[in-house]
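# Report on the structure
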Amino acid sequence: MDGAWYAGWRHLFKLDPDREISDEALDALCMSGTDAIMVGGSSGVTFDNTVELMSRIRRYAVDCVLEVTSLEAAVPGFDYYLVPLVLNADKPEWLIGRQTEAVREFGHLIPWEITAGEGYLILNGEATAAKVSGARTDITEDEALAYVQAADRLMRLPVVYIEYSGAFGDMTLVKRAAQTVSQARIVYGGGIDSPERAVQAASSAHTVVVGNIIYSDLDAAVATVQAVKETNLAL
Ligand code: 1GP
């Protein structure tokens, strides 16, 4: 992963195109020192609301990455693209079906050099992404780590995203995942709503993602940037 475009990322904000954000709030996020703004959501994401959000973020120098979850919302013009493959989905379409369909239809348009696959392990059953993909979230730690190893060593995916969206996850598991990978980057997201939680996550995962708190406590969200930047990964 050395030298790859995602290799240096420690902190990301994730913005949902289906949610309102003011110009002032967007300014605070884009100027915060975060490594990139990720655009993505589990429902209500359209071409129009994705273009609109991208063009607003584009006024800033910060990198902007689209997490592509639907063909309709695959908008050109982002710096980078991450394509989730839901490792623990019980519907195969979310593991590789929809992605294959996208490649069949639009492969000639995909900017491969700025596109990477992202093994997604969804561990909060209440998360919308878990419901949409039918993710098996009632798994043991050993099973979760086996998914991580399969993604890292068998599938050679460059990024494995441990997703607890809406809840703060098991940092022991996240740390063990980061210890076990041979080349993938472990991205953690879910329930980071304070600098303290940001520090815990940043000491366990290569990259941390801050989402929901942006919309309810902007100051706390912005404070996570410095907290992460001052934290070393402690594996
Ligand atoms: C969501 O992992 C991200 O996809 C961030 O989670 O919204 O709970 O911060 P939160």
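Every value quoted in this text rests on a predicted model; they were computed, and no experiment measured them.

Procedures and definitions
- Residues numbered from 1 in each chain as written.
- Predicted model: local features only at pLDDT ≥ 70, side-chain atom pairs only at ≥ 80, totals over all residues.
- Heavy atoms only, no water.
- Disulfide = S-S within 2.5 Å.
- Buried < 20%, exposed > 50% of the residue type's maximum accessible area, 1.4 Å probe, protein only.
- 1 Å grid on protein atoms, 1.4 Å probe; cavity = no way out; pocket = protein on both sides within 12 Å on 5 of 7 lines; lining within 4 Å.
- Points joined across faces, edges and corners; volume = space filled by probe spheres on them.
- Near = heavy atom within 4 Å.
- Polar contact = N/O pair within 3.5 Å; in protein donor to acceptor, adjacent residues only side chain to side chain.
- Areas by Shrake-Rupley, 256 points an atom, 1.4 Å probe, with all protein chains shown as cover.
- Nonpolar A, V, L, I, M, F, W, Y, C, P; charged D, E, K, R; others polar.
- Helix = DSSP H or I, 4+ residues; strand = E, 2+ residues; numbered from the N terminus.
- Expected span 1.5 Å × (residues − 1).
- Arc of directions from axis to C-beta.
- Contact = heavy atoms within 4.5 Å.

Applying the stated criterion across every chain, the model contains zero disulfides. Left unpaired, Cys30 is separated from the closest cysteine sulfur, that of Cys64, by 7.8 Å. Classification of Cys30 by relative accessible area gives buried; the value is 7%.

Moving on: empty space enclosed by the protein. Scanning the model with the defined rule gives one cavity of 30 Å³ or more in all. In this structure, the largest cavity occupies an estimated 50 Å³ of space. What lines the largest cavity is Tyr6, Trp9, Leu12, Met38, Leu82, Glu118, Val159, Arg185, Val187 and Thr207.

Attention now moves to the site of the ligand. Near the ligand, the surroundings consist of Lys14, Tyr161, Glu163, Ser165, Gly166, Gly189, Gly190, Gly191, Val209, Gly211 and Asn212. Between Tyr161 and the ligand, the recorded distance is 2.7 Å, taken from a side-chain N or O atom to an oxygen atom. Between an oxygen atom of the ligand and a main-chain N or O atom of Asn212, the distance comes to 2.8 Å. Contact with the protein chains covers 93% of the free accessible surface of the ligand, which is 300 Å². Within the shell around the ligand, the residues separate by chemical class into two nonpolar, seven polar and two charged.

What follows is about helix H5 (residues 141-154). The end-to-end C-alpha separation of H5 is 19 Å, in line with the 20 Å expected for 14 residues at 1.5 Å each. For H5, the full list of buried residues reads Ala144, Leu145, Val148, Ala151 and Asp152. Here the buried residues of H5 occupy an arc of 120° about the axis, which is enough to place them on one side. Across H5 from its buried face, at more than 90 degrees, point the exposed residues Asp142 and Leu154. Taken together, the buried residues of H5 touch strand E5 (115-122), strand E6 (159-163), helix H6 (171-180) and strand E7 (185-189).

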